[in-house]
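Listed below are the residues making up each chain.
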Amino acid sequence: MATKAALPSADPQLLGAISKATPESLHHVQTDVKNPLPSKEVLAEERLRYDHLSSISSFTKVELNPIQPNEKIILPGPQTIAQEKTEQELMSGIEGFDAGKLKPTETQEKNPLPDPSAIEQEKRECEMRHSIGDFNKSKLRHSQTEVKNPLPSTEAINLEKQEVEKIQEIEGFKKDSLKHTEPTVKNVLPDQDTLDAEKKEQELKDGVTNFNRNSLKKTTTEEKNALPSSRDIAEEKAAK
């Protein structure tokens, strides 16, 4: 039993406020009981679960029928047996391997040193890095930067302005201001004389192209080189 000293002491101010309180100063409070009863579905489910557990606990093994189990042992196929045999032989060969059959081998460590040219190049790069890092900016000379951005001349500006105006006129041109024009197709045909001349010329070309040399007749050429007579010679001398 708890003693008076073990009981917790209440706040005197709280006790004084409770003793001075009147029923008129109290506010009405609606108490919400937060302990909802289960629904019919929950009760029915719980009942079924209870009956199921009760039937399991009171179940007698005598009601069971004896059953002879059938053991099915699947033998491996020829491929699986051959694979296992190969693995077993490999494992036996590894376990029974004689290390004394191994030949001594000299290990060669390949760690080529850089040639003199590579060493010299690396040395120059290191010196260049040090020179850049230790460079004294006070040795630099002051330079005046010249900005070369020539402006276009007046003629170029006017020409550019004209081109812009032309482009604006073309873009803002209204097709409604155009007048309808009926095009005249001129296709002058040749007259009859021109056709006949072209026909004869084509026939002549075809005849020259398709000319058969075998149709030519054999001809003997006679060279005539007549000498002057005595009378012609005398007349020619008299004329001189």
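Quick note: structure is the one above.
Notes on the structure in this doc start here.

1. Brief notes about the overall build of the chain
Piece 1. From N to C terminus, the chain includes seven helices and zero strands.
Piece 2. When the helices and strands of the chain are placed in sequence order, the string is α-α-α-α-α-α-α.
Piece 3. A compact globule built from 240 residues would reach a C-alpha radius of gyration of about 18 Å, whereas the chain, at 65 Å, exceeds it by more than 25%.
Piece 4. Seen along its three principal axes, the alpha-carbon backbone of the chain occupies a region of about 195 × 90 × 80 Å.
Piece 5. When the 240 residues of the chain are sorted by exposure, 0% land in the buried category.
Piece 6. As displayed, the chain offers around 26,800 Å² of accessible surface, 56% of which is attributable to carbon and sulfur atoms.
Piece 7. Positive and negative side-chain charges in the chain, numbering 35 and 43 respectively, have mean positions lying 3 Å apart.

2. What to know about helix 3 (residues 78-95)
Piece 1. Along its 18 residues, helix 3 runs 26 Å from first to last C-alpha, staying within 8% of the 26 Å computed at 1.5 Å per residue.
Piece 2. When you tally the buried positions in helix 3, you get zero out of 18 residues, a small fraction of the element.

3. So, the environment of Leu75
Piece 1. Tracing the sequence through the fold places Leu75 in the loop between helix 2 (40-57) and helix 3.
Piece 2. Placed 10 residues apart in sequence, Leu75 and Lys85 show a C-alpha to C-alpha distance of 15 Å.

4. Looking at the pattern of salt bridges
Piece 1. For the coordinates displayed, the defined rule picks out five salt bridges.
Piece 2. Between Asp51 and Arg47 there is a salt bridge, and its shortest N-O distance comes to 3.7 Å. In this pair, Asp51 and Arg47 both sit in helix 2, four residues apart, roughly one turn of the helix.
Piece 3. Judged by its relative accessible area of 34%, Asp51 is partly exposed.
Piece 4. Residue Lys205 is joined to Glu201 by a salt bridge in which the shortest nitrogen-to-oxygen separation is 3.6 Å. Remark: Glu201 and Lys205 occur in helix 6 (residues 192-209); sequence separation between them is four residues, near one turn of the helix.
Piece 5. We classify Lys205 as partly exposed; its relative accessible area is 47%.

Rules of the game
Going along each chain's sequence as written, the residues are numbered from 1 onward. Local features are withheld for residues below a pLDDT of 70 in this predicted model, meaning they are given only at 70 or higher, and side-chain atom pairs are given and counted only at 80 or more; totals for whole chains, interfaces and linings count all residues. Excluding hydrogens and water, the side-chain figures rest on all heavy atoms present in the structure. By definition, any uninterrupted DSSP run of H or I lasting at least four residues is a helix, any uninterrupted run of E lasting at least two residues is a strand, and each is numbered from the N terminus. For the radius of gyration, the atoms used are the C-alpha atoms, and the globule rule reads 2.2 Å times the number of residues raised to 0.38. Only protein chains enter the accessibility calculation, which uses a 1.4 Å probe. A residue is then buried if its area is under 20% of the maximum for its type, exposed if over 50%, and partly exposed in between. We get accessible surface area from the Shrake-Rupley algorithm with a probe of 1.4 Å; when it comes to residues, only the shown protein chains can shield them. Counting rule for charge: Lys and Arg are taken as positive, Asp and Glu as negative, and neither His nor the chain ends is counted. Charge positions are represented by NZ for Lys, CZ for Arg, CG for Asp and CD for Glu. Expected helix span is computed as 1.5 Å times (number of residues minus one). The rule for a salt bridge is simple: a side-chain nitrogen of Lys or Arg has to be within 4 Å of a carboxyl oxygen of Asp or Glu.

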